[in-house]
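Single-letter residue listing:
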Amino acid sequence: MPHITLGNNLQALALIDKYYGEHKEARKVLLAHSIQVAKLAVSVASHAERTEAVDLEFVETAALLHDIGMLYTDSPKLACFGDKPYICHGIIGAELLREEGLPRHALVCERHIGVGLSVEDIRGQGLPLPHRDMSPQTLEERIIAYADLFYSKTTPGKRTAEKVRSSLARFDSKKVDIFNRWHQKFQT
Ligand SMILES: [Fe+2]
């Protein structure tokens, strides 16, 4: 596993502190999760780099920032007391990072929910999200969404691939197929 400490990533640290400075408990939850996801994502990206071009620095920073929008959601278990549904954390983070001049990182925020959300998912499940495709498109976006599936914000430790499959299967078996393709390519 590559060595990542948030202190090494000043860009991500500055942004997290800007929004979470007054929210110590939420910051703790966000950092614990984001660092786990960033470590796995960078490890996957380092393996992928042997065969294709991948922007490692972007993967690390975007992984650290992918859940930055959670603060504005109504998620008391995560010490977040906003008024938006949790599923909106991706688009809220995206909006925030666009305003910060990080449009590429913003796309990671809005495309990392599960294995991604299609317009059909959003319409069919009546999700409170804009009707646009929110599935990961680039290698970096896929790697971060993949790594995120292994870590919960409320349960410590890494989930097994089997656990990831069973949680995706509750929604749609096609989601499990996408995960299986990623897992075949990305497992380290
Ligand atoms: Fe996450």
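Residues numbered from 1 in each chain as written. Predicted model: local features only at pLDDT ≥ 70, side-chain atom pairs only at ≥ 80, totals over all residues.

Is there a simple way to think about the overall build of the protein in this case?
Helices and strands together make up the secondary structure of the protein, namely 9 helices and 2 strands. Shown N-terminal to C-terminal, the secondary structure of the protein runs as helices and strands in the order α-α-α-β-β-α-α-α-α-α-α. Against the globule reference of 16 Å for 188 residues, the protein gives a C-alpha radius of gyration of 15 Å, in line with a compact fold. Principal axes of the C-alpha set define a box for the protein whose edges measure 40 × 40 × 30 Å. Burial status across the protein gives 41% buried among its 188 residues. Partitioning the intrachain contacts of the protein with sequence separation of at least 6 by distance along the chain shows that 60% fall at a separation of at least 24. (Helix = DSSP H or I, 4+ residues; strand = E, 2+ residues; numbered from the N terminus. Rg over C-alpha atoms; globule rule 2.2 N^0.38 Å. Buried ≥ 20, exposed ≤ 12 C-beta atoms within 10 Å, placed from the backbone. Contact = placed C-beta atoms within 7 Å.)

Just to check I follow, could you spell out the packing of helix 3 (residues 56-65) against helix 5 (residues 103-110) for this structure?
Put simply, helix 3 and helix 5 touch, their axes get as near as 9 Å, and they point 50° apart. As summarised for this structure, helix 3 and helix 5 are arranged oblique, according to the angle between their axes. You can see that helix 3 and helix 5 cross each other, and the crossing is right-handed. On the side of helix 3, the interface is formed by Phe58, Thr61, Ala62 and Leu65, while helix 5 contributes Arg104, His105 and Val108. (Axes fitted to C-alpha atoms, helices over the stretch in contact; angles between N-to-C directions. Parallel < 35°, antiparallel > 145°, perpendicular 65-115°, else oblique. Left-handed = near helix turned anticlockwise from the far one by under 90°.)

Before we go on, may I ask you to explain the packing of helix 1 (residues 10-20) against helix 3 in this structure?
Between two packed helices, both the angle of their axes relative to each other and the distance between the axes serve to describe the pair. Orientation of helix 1 relative to helix 3, taken along the N-to-C sense of each, is 15°, at an axis distance of 9 Å. In terms of orientation, helix 1 lies roughly parallel with respect to helix 3. Seen along the crossing, helix 1 lies across helix 3 with a hand that is right-handed. On helix 3, the residues that touch Gln11, Ala12 and Leu15 of helix 1 are Thr61, Leu64 and Leu65. Residue composition of the contact of helix 1 with helix 3, grouped by class: 4 nonpolar, 2 polar and no charged. (Nonpolar A, V, L, I, M, F, W, Y, C, P; charged D, E, K, R; others polar.)

What should I look at first to understand the environment of Gln125 in this one?
Secondary-structure assignment places Gln125 in the loop between helix 6 (119-124) and helix 7 (139-148). Spatially, the C-alpha atom of Gln125 lies 19 Å from that of Ser166, the residues being 41 residues apart in sequence.

What should I look at first to understand the environment of Arg50 in this one?
Positionally, Arg50 belongs in the loop between helix 2 (24-48) and helix 3. On the basis of neighbour count, Arg50 is assigned to the exposed category, with 7 C-beta atoms found within 10 Å. Considering only alpha carbons, one finds Arg50 and Gly124, 74 residues apart in sequence, at a separation of 39 Å.

Can you help me understand the nonpolar core in this one?
What tends to happen in soluble globular proteins is that the nonpolar side chains get buried as a cluster. Core analysis: the largest hydrophobic core is formed by 51 residues, its most contacted members being Ala41, Val44, Ala63, Ile143, Ile144 and Ala147. Listed by contribution, the elements that provide at least two residues to this core are helix 1, helix 2, helix 3, helix 4 (89-99), helix 5, helix 7, helix 8 (161-169) and helix 9 (173-186). Examining the composition of this core, we find that 10 residues originate from one element, helix 2, more than from any other. With residues near it in sequence (within four places) discarded, Ala63 still touches Ser34, Val37, Ala38, Ala41, Ile144 and Ala147. (Core = buried A, V, L, I, M, F, W, Y, C linked by C-beta atoms within 7 Å.)

Please clarify how helix 4 should be interpreted in this entry.
Note on helix geometry: an α-helix contains 3.6 residues per turn, so any two residues three or four positions apart are oriented the same way. With 8 of 11 residues buried, helix 4 is to be regarded as a mostly interior element. Taken as a whole, helix 4 has its buried residues at His89, Gly90, Ile91, Ile92, Gly93, Ala94, Leu96 and Leu97. Contacts from the buried residues of helix 4 go to helix 3 and helix 5.

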